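Residue-level structure breakdown
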Amino acid sequence: MAVDASFPIPGAVRLDDAQQALLRLLQSAPTHLSGAHLADRLGLSRTAVWKRIERLRTLGYQVEGSPRLGYRLAPEQDLLLPEDVLTGLPLQWLRGPVHHFVSLPSTNDAAKVLARQGAPEGTLVLAETQSAGRGRLGRTWESPPGTGIYLTLVLRPSLPPAELPKLTLLAAVAVVEAIQAATGLHTGIKWPNDILWQGKKLGGILTEMETESDIIFHVVLGVGLNVNTPAFPAPLAGIATSLASTGQTYSRLALVRAWLSAMDDLYGRFLRQEFAAILDRWRQLAVTLGQTVTIRRGDQIKTGLALDVAPDGALLLARADGTVERILSGEIQQASPSG
Ligand code: BTN
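Attention here is on the structure that accompanies the text. (Residues numbered from 1 in each chain as written. Predicted model: local features only at pLDDT ≥ 70, side-chain atom pairs only at ≥ 80, totals over all residues. Heavy atoms only, no water.)

**What about the overall build of the protein chain?**
Applicable threshold: Strands here are runs of E lasting at least two residues and helices are runs of H or I lasting at least four, both read from the DSSP assignment and numbered beginning at the N terminus. Using C-alpha atoms as the atom set, the radius of gyration is obtained and then compared with a globule rule of 2.2 Å times the number of residues to the power 0.38. Think of it in three bands: with a 1.4 Å probe and only protein chains considered, a residue is buried below 20% of the maximum accessible area for its type, exposed above 50%, and partly exposed in between. Contact between two residues is taken to exist if any of their heavy atoms lie within 4.5 Å; hydrogens are not considered. We get accessible surface area from the Shrake-Rupley algorithm with a probe of 1.4 Å; when it comes to residues, only the shown protein chains can shield them. Positive charges come from Lys and Arg alone, negative charges from Asp and Glu alone, with His and the N- and C-terminal ends not counted. A single reference atom marks each charge: NZ on Lys, CZ on Arg, CG on Asp, CD on Glu.
A count of helical and extended segments in the protein chain gives eight helices and 14 strands. For the protein chain, whose C-alpha radius of gyration is 22 Å, the value lies close to the compact-globule estimate of 20 Å for 339 residues. For the C-alpha atoms alone, the extent of the protein chain along its principal axes is close to 75 × 45 × 35 Å. Residue burial in the protein chain is summarised as follows: out of 339 residues, 52% are buried. Contacts spanning at least 24 positions in sequence make up 63% of the contacts within the protein chain whose residues lie at least 6 apart. As displayed, the protein chain has an accessible area near 15,400 Å², and 52% of this comes from carbon and sulfur atoms. The positive charge centre, built from 32 side chains, and the negative charge centre, built from 31, are 4 Å apart in the protein chain.

Rendered as structure tokens:
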């Protein structure tokens, strides 16, 4: 495999320029392209083309070959090439650059390395698969190749660290709005930032930051979304889902672009002090407000009525003794209609 030694993350695998050019040619063709045609367009021998195609296949790309017709991308190959991500999107804040990897341990970890090296706000790290994808609360994030979205955005807001949960909430709103725009499906949010579809987890957000003198130095905001994942291994099968559970497949590129558009808009509004309106939208999308919930944080378990979310993102939990508790982090394990 083409392990990229120039990128300072062990295990990072990227497409080289020739592989990208080959994919681009195959993508642009409505039908098969002969080895001779590809060789001519790329200025390579037919053997060199064949070798590159073999390498793409090793990397997980589905390139079909027919001795009579030549090569084509399998119709089910959902291509996510870096140059397509931002093209034509009128973004104000999140304008790249885009770093695309065939494989990374974790896009959040790669984004942290880039951010420490001075990567600008709006830097996007995308991976086709992650070997050590991380979820909240120290969990693993299953990241099978080519079927999900695994991305991390670098943000550099000049804010105190206590403002971080607001960014996570607005990113969740952006995910729900992007799914609606790209697929027409109406998903919901479970506090703090699980994306739910038909009661199961479709996606999540992992926001991490580094601070300097009590000001955020940079934020890495990671999004994982199960798009065309056909099935999940036990024990995930009972709690996780993907958009493909509708029986259709969806373009990851369209979803990433829709998320960037929604995120750019919401981030701009956040910087213009319009977070209250974003929080109202979050409330509309929240599926657990008004329900009796059980929340776990480490060994602690608390039950109460999920009243509302506070302006700083804390969940307001009405306990049986009449007190209202602010819950800053944890996981809702169970929810049921109150009353
Ligand atoms: C959660 O537990 O709900 C958050 C999951 C976040 C997963 C994403 S996938 C892209 C980014 N890189 C990671 O290692 N994690 C996040």
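**Examining the sheet that holds strand β6 (residues 188–190)**
As a reminder, the rule being used: At least two DSSP bridges between two strands are needed for those strands to be called paired. Axis angles are defined between N-to-C directions and span 0 to 180 degrees, where every axis is a line fitted to C-alpha atoms and, for a helix, only to the segment in contact.
In space, the seven strands of this open sheet follow the order β3-β4-β5-β9-β8-β7-β6, with mixed pairing throughout. Either end of the sheet is taken by a strand with one partner, and the two such strands are β3 (98–104) and β6. Mean inter-strand twist for the sheet, computed between neighbouring axes without regard to direction, equals 20°. Across six bridges, β3 lies against strand β4 (residues 124–130) in parallel orientation. Note that in β4 the partner of F101 across the bridge is A127.

**Observations concerning unusual backbone geometry**
Here G96 and P97 are connected by a cis peptide whose omega angle stands at 5°. Backbone geometry at L137 places phi at a positive 55°, although glycine is not the residue there. Relative to the assigned elements, L137 resides in the loop between β4 and β5 (148–155). A relative accessible area of 47% places L137 in the partly exposed class.

**Here we look at the site of the ligand**
Worth spelling out the cut-off: Residue proximity to a molecule or strand is established when one non-hydrogen atom of the residue lies within 4 Å of it. Polar contacts, as used here, are pairs of N or O atoms within 3.5 Å; protein pairs need one atom able to donate a hydrogen and one able to accept it. Residues neighboring in sequence count only if both atoms are side-chain atoms.
Around the ligand, the structure places 20 residues, and the nearest of them are S106, Q130, R134, R136 and K201. At a separation of 2.8 Å, an oxygen atom of the ligand approaches a polar side-chain atom of S106. T107 places a polar side-chain atom, nitrogen or oxygen, 3.0 Å from a nitrogen atom of the ligand. Surface burial for the ligand is 98%, taken as the share of its 410 Å² of free accessible area covered by protein chains.

**Description of the packing of helix α1 (residues 17–28) against helix α3 (residues 46–58)**
Keep this limit in mind: The scheme is simple: roughly parallel for angles under 35 degrees, roughly antiparallel for over 145, roughly perpendicular for 65 to 115, oblique for anything else. Ten residues, namely Ala, Val, Leu, Ile, Met, Phe, Trp, Tyr, Cys and Pro, are considered nonpolar, four, namely Asp, Glu, Lys and Arg, are considered charged, and the remaining ones, Gly among them, are considered polar.
Contact geometry of α1 with α3 gives a least axis separation of 10 Å together with a crossing angle of 90°. With respect to α3, the axis of α1 lies roughly perpendicular. Facing A18, Q19, L22 and L23 of α1, the residues of α3 in contact are V49, R52, I53, R55 and L56. Residues belonging to the contact of α1 with α3 are distributed by class as follows: six nonpolar, one polar and two charged.

**Quick notes on empty space enclosed by the protein**
We apply this condition: With a 1 Å grid laid over protein atoms only, a set of points is called a cavity when a 1.4 Å probe fits there but cannot get out and a pocket when it is open yet has protein on both sides within 12 Å along at least five of seven lines; lining residues have an atom within 4 Å of a point. Grid points are joined across faces, edges and corners, and a volume is the space filled by probe spheres set on the points.
In this structure the tally under the stated criterion is one cavity of 30 Å³ or more. The space that makes up the largest cavity amounts to roughly 60 Å³. In terms of lining, the largest cavity is formed by I149, L151, V175, A178, I179, V223, L225, L255, V256 and W259. Secondary structure elements with two or more residues in the lining of the largest cavity: β5, α6 (164–183), β9 (215–226) and α7 (252–271). Across the lining of the largest cavity, the residue classes tally to 10 nonpolar, no polar and no charged.

**Re the pairing of strand β13 (residues 324–327)**
Relative to β13, strand β12 (residues 315–318) runs antiparallel, the two sharing four bridges. Note that in β13 the partner of L315 across the bridge is I327. The turn linking β12 back onto β13 is made up of five residues, and G322 within it adopts a positive phi angle of 90°.

**Details of the nonpolar core**
The tendency in soluble globular proteins is for nonpolar side chains to be buried as a group. To keep it simple, the criterion reads: Residues grouped as a nonpolar core are buried Ala, Val, Leu, Ile, Met, Phe, Trp, Tyr and Cys residues, joined through side-chain atoms within 4.5 Å.
L221, W259, L260 and M263 are the most contacted members of the largest nonpolar core, which totals 65 residues. Those residues in contact with W259 that lie beyond four places of it in its chain are L151, L153, A171, A174, V175, A178, L221 and V223. In terms of nonpolar packing, the next biggest core, distinct from the first, is built from 21 residues, L26, L33, L59 and L73 among them.

**Considering the environment of L159**
Tracing the sequence through the fold places L159 in the loop between β5 and α6. Residue class for L159 comes out buried when judged on its relative accessible area of 15%. Residues L159 and D214 lie 55 residues apart in sequence; the distance between their C-alpha atoms is 8.5 Å. Residues contacting L159, with those up to four places away along its chain left out, are D214, I215, I216 and F270.

Bear in mind that shape data such as this cannot, by itself, settle questions of function.
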